[in-house]
Amino acid sequence: MQDVLKQLGIKDQNSGTSTGLQWIESHGKTISSYSPVDGHLIASIKITDDNSYEEVIRTAQKAFIEWRTWPSPKRGDVVRQIGEALRKNKENLGKLVSYEMGKSLQEGYGEVQEMIDICDFAVGLSRQLHGLTMHSERPGHRMYEQWHPLGIAAIISAFNFPVAVWSWNAMLGWVCGDVCLWKPSEKTPLCAVACQNIIAEVFNKNGVPEGVSCIVTGEREMGDKIAKDSRIPLVSATGSTRMGKSVGAAVGARLGRSLLELGGNNAIIISRDADLDMALIGCLFGAVGTAGQRCTSTRRLIIHDEVYDKFKEKLVNAYKQLRIGNPLDENNHVGPLIDKAAVESYLKAIEKCKAEGGTFIVEGGVLEGPGYETGCYVKPCIAEAQPHFEIVQHETFAPILYLMKYKTFDEAIAIQNNVPQGLSSAVMTLNLREAEQFLSSSGSDCGIANVNIGTSGAEIGGAFGGEKETGGGRESGSDAWRFYMRRQTNTINYSKSLPLAQGIKFDL
Ligand code: UN1
């Protein structure tokens with residue numbers, strides 16, 4: 001790992017404040033990043049103090065004045081080169097993601113691949129920031145709309161996708177002409193340092209002004225500061241619903257724009273007409289992939305009572321074969337949780353489920369012994385539960401799966417929708433009527449609804465996000481870019497008179 005860190009430009013002690021090429025000195029608290037994989041100290045980082053925060057904002061504001069005048073395809077070409085640099089660094093960055101966050105190496109590489117994919121998407125987008133034209137009601141008039149850069153886009157990201165989610169925002173923001181201010185999770189700050197080093201080299205080669213890619217680090221207070229700062233027109237935040245409510249309220253209080261991607265409580269409906277072998281793969285990856293720490297992780301299975309026992313047996317057998325251990329060893333399926341606090345929440349959720357009457361058909365627990373010294377490795381577990389249990393209504397960021405039975409498809413949809421969150425959902429069925437009902441306006445109420453695919457692992461091309469307590473924001477593909485720009489409606493009069501709209505006469 002020393003080699004990887006060195007090649008990514010990570011030192012033992014790092015500044016957590018940057019405007020691009022420059023790393024700014026701060027005087028204050030130091031965060032130490034320990035790997036959940038083996039408990040070793042990876043490196044430490046100084047959090048951003050008030051003075052350096054101000055310097056970052058000043059530099060970002062200045063950079064915006066220039067960056068917004070660059071033609072968008074030219075900005076896109078810079079993003080294309082970032083994609084190239086990420087291809088070169090995929091192995092190292094993927095390893096760091098896996099080591100600092102704890103996800104499997106495959107998933108670490110997968111995350112960097114998502115970054116490369118969004119770069120490609122953004123390059124194309126840089127020539128397609130289209131507005132509409134409208135027919136004016138007045139003769140000799142032309143009406144159209146155009147999209148302009150917004151300013152500073154702040155990105156508050158979570159530990160579970162320490163690099164990809166930032167890149168969805170930053171790559172779009174950059175082709176749109178915004179400058180980005182990234183506050184990475186304090187649990188995975190070194191991933192941000194590595195990304196900044198990769199970006200800075202490309203920006204430097206292309207003469208991109210200092211301040212287009214900024215980093216500030218800190219804990220909750222830093223998020224609050226950003227949310228309240230009216231110099232930041234857009235705050236895109238990924239994390240818990242608790243965090244989103246606080247950020248959303250603070251940004252809303254100053255009438256800023258927030259893009260929130262918060263908790264999920266994602267379910268898969270397993271129909272009587274499902275291909276159960278296929279369903280098994282989707283459920284397994286969804287529930288135990290990233291140790292249940294994706295916002296799209298599968299937390300609930302809603303199973304038709306005629307296939308319930310059969311599917312339960314398949315699932316229990318599959319869980320027996322899971323290999324839990326060092327995520328950098330590609331033979332393992334499941335790595336550790338991010339930290340001890342996450343282990344505590346996992347244990348509490350298990351207790352709560354039992355207290356509410358749930359029965360565990362695959363028991364949970366913390367693993368001990370050689371290889372598990374960090375105390376962060378837990379057993380993925382399965383409980384039979386009822387939809388109304390308080391714990392089932394709640395997102396626990398850990399590999400706990402709740403099984404529930406249904407009789408009619410209407411009932412299955414009602415159970416699926418009857419939670420506060422609305423991110424991702426899926427149905428496993430070969431029955432066309434069920435599939436279409438699930439996707440209809442009276443079907444799933446989530447931002448993502450899939451058929452014969454699990455709830456996690458979305459591609460970057462679609463808009464990513466969800467409804468209700470998930471926050472309503474959409475990031476990544478489709479037309480999510482519009483959120484990073486301001487729309488302007490323009491009317492031009494090329495006639496020799498000035499007729500008023502709505503037929504109003506104003507003659508003197
Ligand atoms: C997240 O967990 O915040 O769909 C993002 C997925 C990934 C992204 C998850 N592409 O599971």
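Residues numbered from 1 in each chain as written. Predicted model: local features only at pLDDT ≥ 70, side-chain atom pairs only at ≥ 80, totals over all residues.

- Naming follows an unreviewed UniProt entry, where the protein appears as aldehyde dehydrogenase (NAD(+)) of Flavisolibacter ginsengisoli DSM 18119.
- Per UniProt, the protein has the following entry under Sequence similarities (unreviewed entry): "Belongs to the aldehyde dehydrogenase family."
- The UniProt entry for the protein carries this comment under Subunit (unreviewed entry): "Homotetramer." (UniProt positions renumbered as here; feature names shortened; annotations may be inferred.)

**A word on the packing of helix H3 (residues 72-101) against helix H4 (residues 105-125)**
Thought 1: Interaxial distance between H3 and H4 falls to 8 Å at its minimum, and their mutual angle equals 175°. Relative to H4, the element H3 is oriented roughly antiparallel.
Thought 2: Of the residues that constitute the contact of H3 with H4, the class distribution is 13 nonpolar, 5 polar and 6 charged. (Axes fitted to C-alpha atoms, helices over the stretch in contact; angles between N-to-C directions. Helix = DSSP H or I, 4+ residues; strand = E, 2+ residues; numbered from the N terminus. Parallel < 35°, antiparallel > 145°, perpendicular 65-115°, else oblique. Nonpolar A, V, L, I, M, F, W, Y, C, P; charged D, E, K, R; others polar.)

**Comments concerning the domain arrangement of the protein**
Many authors give the size of an interface as the accessible area that is lost as the parts come together.
Thought 1: You can read the domains of the protein as domain 1 (1-262 + 471-489) and domain 2 (266-451).
Thought 2: Taken over C-alpha atoms, the centre of domain 1 sits 31 Å from the centre of domain 2.
Thought 3: Elements with a minimum of two residues in the side of domain 1 that touches domain 2: H3 and H4.
Thought 4: No other element matches H3, which puts 4 residues into the side of domain 1 that touches domain 2. (Domains from an automatic or database assignment.)

**Quick notes on the UniProt feature "active site" (unreviewed entry) in the protein**
Thought 1: When the UniProt feature table is mapped onto this chain, "active site" (unreviewed entry) is found at Glu261.
Thought 2: Tracing the backbone through its elements, the reader meets Glu261 in strand E10 (residues 257-261).
Thought 3: Look at Glu261 and you get buried, because 28 C-beta atoms sit within 10 Å.
Thought 4: Look past the residues within four positions of Glu261 in its chain and what remains in contact with it is Thr238, Cys295, Gly465, Gly471, Gly473 and Glu475. (Buried ≥ 20, exposed ≤ 12 C-beta atoms within 10 Å, placed from the backbone. Contact = placed C-beta atoms within 7 Å.)

**Some words on the UniProt feature "domain: Aldehyde dehydrogenase" (unreviewed entry) in the protein**
Thought 1: As recorded in UniProt, the sites labelled "domain: Aldehyde dehydrogenase" (unreviewed entry) are residues 23-489.
Thought 2: Split by type, residues 23-489 is 38% helix and 20% strand. Its first and last C-alpha atoms lie 40 Å apart.

**A word on the pairing of strand E12 (residues 298-304)**
Thought 1: The buried fraction of E12 is high, at 7 of 7 residues.
Thought 2: In this sheet, E12 lies alongside strand E11 (residues 266-270) in parallel orientation, the contact comprising 5 bridges. Its bridge partner being in E12, Ile270 is matched across the sheet by Ile303.
Thought 3: At this point the chain moves from E11, through helix H9 (residues 276-288), to the parallel E12, and the crossover so formed is right-handed.
Thought 4: Across 5 bridges, E12 lies against strand E15 (residues 400-406) in parallel orientation. When the sheet's bridge partners are listed, Arg300 is paired in E15 with Tyr402. (Pairing = 2+ DSSP bridges. Right-handed = clockwise from strand over helix to strand, strands pointing away.)

**Thoughts on the sheet that holds strand E3 (residues 41-46)**
Pairing between the strands of a sheet is mediated by backbone hydrogen bonds and can be parallel or antiparallel.
Thought 1: Spatially, the 3 strands line up as an open sheet ordered E1-E3-E2, and their pairing is mixed. Each of the sheet's edge strands pairs with one partner strand only, and the pair in question is strand E1 (13-15) and strand E2 (30-34). Recorded for the sheet is a direction-independent mean angle of 30° between the axes of neighbouring strands.
Thought 2: One ladder, built from 3 bridges, connects E1 with E3; its direction is parallel. Counterpart to Ser15 in the pairing with E3 is Lys46.

**Examining unusual backbone geometry**
Thought 1: The residue Asn452 is not glycine, and still its phi comes out positive at about 60°.
Thought 2: Overall, the presence of 15 C-beta atoms within 10 Å leaves Asn452 in the partly exposed class.
Thought 3: Here the phi dihedral of Gln502 falls at roughly 60°; this positive angle occurs in a residue that is not glycine.
Thought 4: Within the secondary structure, Gln502 is located in the segment after strand E22 (485-493).

**Here we look at the site of the ligand**
Thought 1: Taken together, the neighbourhood of the ligand is formed by Glu114, Asn160, Phe161, Val165, Thr238, Arg294, Cys295, Thr296, Ser456, Gly457 and Ala458.
Thought 2: Its residues assigned to classes, the shell around the ligand comprises 4 nonpolar, 5 polar and 2 charged.
Thought 3: Residue assignment places the shell around the ligand across two domains, with domain 1 (1-262 + 471-489) and domain 2 (266-451) each supplying three or more. (Near = placed C-beta within 6 Å.)

**Here we look at the pairing of strand E9 (residues 234-238)**
Thought 1: With respect to burial, E9 is a largely interior element, 5 of its 5 residues being buried.
Thought 2: Because side chains alternate across E9, one face comprises the buried residues Leu234, Ser236 and Thr238, and the other comprises Val235 and Ala237, equally buried.
Thought 3: As paired elements, E9 and E10 share 5 bridges and run parallel to each other. Bridge pairing links Ala237 to Leu260 in E10.

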